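Here's the letter readout for the chains.
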Amino acid sequence: MLPAWAVAAALAATPALRIETPHDGRPHRVSVVGLDAAVRSRLSAFGSVDLARALVVHTDAARSHPGMPAVAGSYTVDGEGLHFAPRFPFVAGLGYHARFDLDGTRLERRFAVAPVAVEPPRVTALHPSGPSLPANALRLYLHFSRPMNAHGSHRHVRLLDEDGREVPLAFVEVVNGLWDPGQTRLTVLFHPGRVKRGVAPGEGLGPVLREGRQYRLVVDAAMADAAGTALGTPYEHALAVVAADRAAPRASDVRVSGPGTSDAPLAVDLPEPLDHALLQRWIWVEDARGQRVEGVPTVSEDETRWSFAPAMAWTSQPYSVCLHPALEDRAGNRFDRLFDRGAGERTHATARPVCLPWSALP
Amino acid sequence: MTRLACALLLALVAVPLAAEPPSAAFTTGRPDIRSLSALSFGPEGVLFVGDGKGGAVFALDLGPRAAREVEKPETVTDIEGRLAALLGAAPADVMIHDMAVDPIAKDVYFAVSRGRAGWTGAFLLPNDVADASVLVRLDAAGTPTLVDLASMRHARVALPNPVDPAKTVPWKKTSLRTDTITDMVYSDGVLYVAGLSNEEFASTMWTVKYPFAGAVAATTIENYHGAHGKYETEAPVRTFVPYPLKGKAHLLAAYLCTPLVTIPVADLQDRKHVRGRTVGEFGSGNYPLDMVLVRSEKGDRLLIANSNLPLLVVDPRDVEQYPASIDAPVETYTAGVRFIARSGTGIQQMDNLGDTHVLLLRRLAGGRLDLQPASIRGL
C-alpha cells in the first residue's frame, strides 16, 4: 500500500477539469488543476488568445453548429492551475462542454448547472378578504409575494360557479393586466357592463354574480412570476354572494376610537368593508393646523377597520380623520354617490373630504 | 448614423473638417457606462455610446484598424444564436439594444444584454426591458467577440438635467429614464443626442461639439401628431438624420406612431423651445426604430425601419417641397409627404454599410434573427 503522501502526490499530478457553479453569487469557474509546474509556468507566459485556445468552453448548442463562438470570459493562471471565468454565470438548464488541449494533455468534460430550487411565488392576499361578496361587487385585488409576469395574466384568473364551470366574461380582459408599478398587485375588474343595470352586456348575459350562490376565484398553477417561475399549485378562494349593495356608505356611521394613550394607534371602524386599495391613500389624519400626520396605516377586519400608528406621539391638540369622498365600498359606491343609480337620480359629487374631529388624549 | 448626411452638411456650409486631434479629455481605463443605450459612429471611427441610465455620452477610441471595402456583403444568419454562444446562454435570453456599423473596418457593433425577465408587454423596447451591459463586435466572418472595455481610451460628456428615473410612462408603466437617449448622430463637428430631460417639455435635443468641448446645449422640442390630434411635448424623437432643406441644415426626426418632423438646426439653441414642422404621418401603433439616409442612382432616399410597418422610403425632396405643416387631426392615420412601403418587415436595427448597401438586423417569418445586407440600387 502507498503512503498517503504518495497518493496525494499522484492525485495532484493528474490533470483534471474542475467545474464550479455556485448558486450563492460567487463567480462561476472552469479550472484545469493538477498540471505540473512546467505546464503552469508555460501557461503563465501565454497571452489571452493562446489561453483561449488551450481551454475552451462552448454551449451544447454552439458545439453542434460549426463556426459558433466559444463562451466569452477571462483567464487567469495561478499556483493551482488555469482558470476560466465566464463573463456571465452559466445558465441553469443549459448544457456546456469544456475542453483543455495543450502539449498532448487533452481533457474534456460536459457539464450542466443544476436548476436552483426556487420557491414558487404565491398569492399573499385577496381583497375584499371577507367570506361574502355583494352581487354587484366591482373589483378584486390579488396580491402576490413577488413581481409577476404581467403579460397574459388575464388568462390565469377565472371565476368558477358551484358546478365548477367557468363563468364566461366574468372579468374585463386586459391583455397585460391592471398591475401596480411593482407588479405584485393585480386588479381584477368584474365586467362593469354586467354590474351596472340597464346596459347591454348585463341585459344579454345577466349579472356575473348571483345572490345566494357560491363561487370560487381561481388563479391557475401556470401563473408565473417575472422570472418565469409558476405558482405550481392553483390558488382558490371561496365566495358566497349576498344581496347587492345599493347604499352609499355614510360618514356619520364611521366610528373613531381615540387611542387613549399618546403612543397607541388610532382605530377607525368603518360602516362596511371599503375598497382595500383606496383605503391606502384616501383616509388620513390631520392635526389642528390641517397638516397631515405622518404614520403607518393598517387595514384589517376584512376592510372594516383602518388603524393608524403615528410616527410621533399624539399630543393634546384636536385631530381629525379625513375621508376622501371618492373612497368606495366593494360595489363602487362612494360616500357622495352610488355607482349604479337611476338615470334621473340626482348626485352630489364633491371633491371635499369629510373630516371627523377627535381627541387623542382625554 | 449617416455619413452621407454629414458630407451633405459639410458641402453646404463649406467648412473643411480638419482631422482634429482627439481632445485632451480622453483618458484610458474602464469607462463608467451604466447602460449601453445607443450606439453611433463619429469621425475617424470613434464610437459614441449613449448611456441613458448614467445620463452621459461616451466617445470610445476603438484604436487603429484596417479599412475594409464591402463589395458583395453576405447575410450572417442567426445573430441571436451567435451571441448566445458567446454569452453562454440560450438564444431567447439575448437582446440587442442597438447596432452600428464601423465605417472603417465595416465590423458590426451591438449593444447587448442577457436575460428578458423584465419583458412584460408588446410595446416595450429593449431599453425598457434591461440595461445593455456588453459591447459585441461581429467581424467579417460573422464571429462575435466581446469588446474589452477594461483599458479603453475614452472621453465622457454628461447630459444636463436627464429625466428623473422616478418618472414613468403612464401607458407602458416603464421609467422614462430608459428614453433618456433614444438616438445620436454626429454631423459636422456636432453630436446631436435625442431623448428626454426634466424640463416641462421633456422631449429634448442635446447638442455638443465633438471632440467634446464647451457646454452641452439643450433644446426642448414639440411637434403636432395628427393621429393623436395634439401637440406632443413628452414623446422623444425615436430616430433622426441631419439633412439640408432649402439650403439650411435640418434634422428629419421620426416619432412614435408615426409622424415625420423637420427641425431647423439653427433653432437648436440652449434653453430654447422649438416646435417642429410635421410633414408626414405614416401610420399608427408603430415605433420608427431606425432611420438612415442613402444615395441611390435615383437620388437621396430616407429609409425608415419600423416595429409594426414595413420599410418606408421617403424622397427628401418631397419633404423639402411639402408646403404645409400638419396641424389638424388625421383620421386615416396617414397624411403629408409621399412614402413608399417596401419589402422589409421585422427590421429591428438598420445602418449604412458603405455607400452601396444598408445592413438590416431582421426577424424572419420563421423566427430567426439574421443580419441582411440590402442593396440600395433602385430605391
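Residues numbered from 1 in each chain as written. Chains lettered and ligands numbered in written order. Predicted model: local features only at pLDDT ≥ 70, side-chain atom pairs only at ≥ 80, totals over all residues.

Caption draft 1: Inspection of the overall build of chain A at higher detail. Helix and strand counts for chain A stand at seven helices and 22 strands. For 362 residues, the compact-globule estimate of 2.2 N^0.38 gives 21 Å, and the C-alpha radius of gyration of chain A, at 32 Å, exceeds that figure by more than 25%. Taking the principal axes of its C-alpha atoms as reference, chain A extends roughly 95 × 60 × 40 Å. Of all 362 residues assigned to chain A, the portion counted as buried reaches 28%. (Helix = DSSP H or I, 4+ residues; strand = E, 2+ residues; numbered from the N terminus. Rg over C-alpha atoms; globule rule 2.2 N^0.38 Å. Buried ≥ 20, exposed ≤ 12 C-beta atoms within 10 Å, placed from the backbone.)

Caption draft 2: Region of the structure containing the sheet that holds strand 6 (residues 108-114) of chain B. Residues and elements named next belong to chain B. Spatially, the four strands line up as an open sheet ordered 5-6-7-8, and their pairing is antiparallel. Every other strand in the sheet has two partners, leaving strand 5 (94-101) and strand 8 (144-146) as the edge strands with one partner each. Neighbour-to-neighbour, the strand axes of this sheet turn through a mean angle of 30°, independent of strand direction. Examined bridge by bridge, strand 5 and strand 6 share seven bridges and lie antiparallel to one another. Residue pairing across strands places I96 opposite V112, the latter belonging to strand 6. (Pairing = 2+ DSSP bridges. Axes fitted to C-alpha atoms, helices over the stretch in contact; angles between N-to-C directions.)

Caption draft 3: Representation of helix 2 (residues 79-87) of chain B within the structure. With eight of nine residues buried, helix 2 of chain B lies mostly within the body of the structure. Every buried residue of helix 2 of chain B is listed here: B:I79, B:E80, B:R82, B:L83, B:A84, B:A85, B:L86 and B:L87.

Caption draft 4: Molecular detail of the environment of A:H127. Residues and elements named next belong to chain A. Along the chain, H127 turns up in strand 8 (residues 123-127). For H127, a count of 21 C-beta atoms within 10 Å gives the class buried. In the structure, H127 is positioned 132 residues away from P259 in sequence and 27 Å away in space, judged by C-alpha atoms. Apart from residues lying up to four places away in sequence, H127 is in contact with L140, Y141, H276 and E303. (Contact = placed C-beta atoms within 7 Å.)

Caption draft 5: Geometry of the sheet that holds strand 3 (residues 47-51) of chain B. Residue and element names in this part refer to chain B. Pairing within the open sheet is antiparallel, and its five strands lie in the order 1-9-4-3-2. Two strands in the sheet have a free side with no partner beyond their single neighbour: strand 1 (27-29) and strand 2 (38-41). Pairs of neighbouring strands in the sheet enclose a mean axial angle of 35°, with direction left out of account. Sheet analysis places strand 2 next to strand 3, joined by four bridges and oriented antiparallel. Among the inter-strand pairings, S40 is bridged to a residue of strand 3, identified as F48.

Caption draft 6: Here's a closer look at the nonpolar core. With 125 residues, the main nonpolar core has B:L47, B:F240, B:L303 and B:V358 as its most contacted residues. Sort the elements by how many residues they give to this core and helix 2 of chain B lands first, with six residues. Formed by 27 residues, the second largest nonpolar core is a distinct cluster that contains A:A150, A:L186, A:V208 and A:V219. (Core = buried A, V, L, I, M, F, W, Y, C linked by C-beta atoms within 7 Å.)

Caption draft 7: Region of the structure containing the domain arrangement of chain A. Domain annotation for chain A reports domain 1 (13-112), domain 2 (123-242) and domain 3 (251-359). The centre of domain 1 of chain A, based on its C-alpha atoms, is set 64 Å off from the matching centre of domain 3 of chain A. (Domains from an automatic or database assignment.)

Caption draft 8: Spotlight on unusual backbone geometry. All names here are of chain B. Following Y210, the chain continues into P211 via a peptide bond in cis, with omega recorded as 0°. Mapped onto the secondary structure, P211 falls in the loop between strand 14 (203-209) and strand 15 (213-225). Omega for the peptide link from C257 to T258 comes to -25°, which places this bond in the cis form. Mapping T258 onto the fold places it in the loop between strand 18 (248-254) and strand 19 (259-264). Backbone geometry places K246, a non-glycine residue, at a positive phi of 50°. With 7 C-beta atoms counted inside 10 Å, the residue K246 sits in the exposed group. In the Ramachandran plot, Y333 falls in the positive-phi region, its phi being about 75° despite a non-glycine side chain. Among the secondary structure elements, Y333 is positioned in the loop between helix 4 (316-321) and strand 25 (334-336). With 15 C-beta atoms packed within 10 Å, Y333 lands in the partly exposed category.

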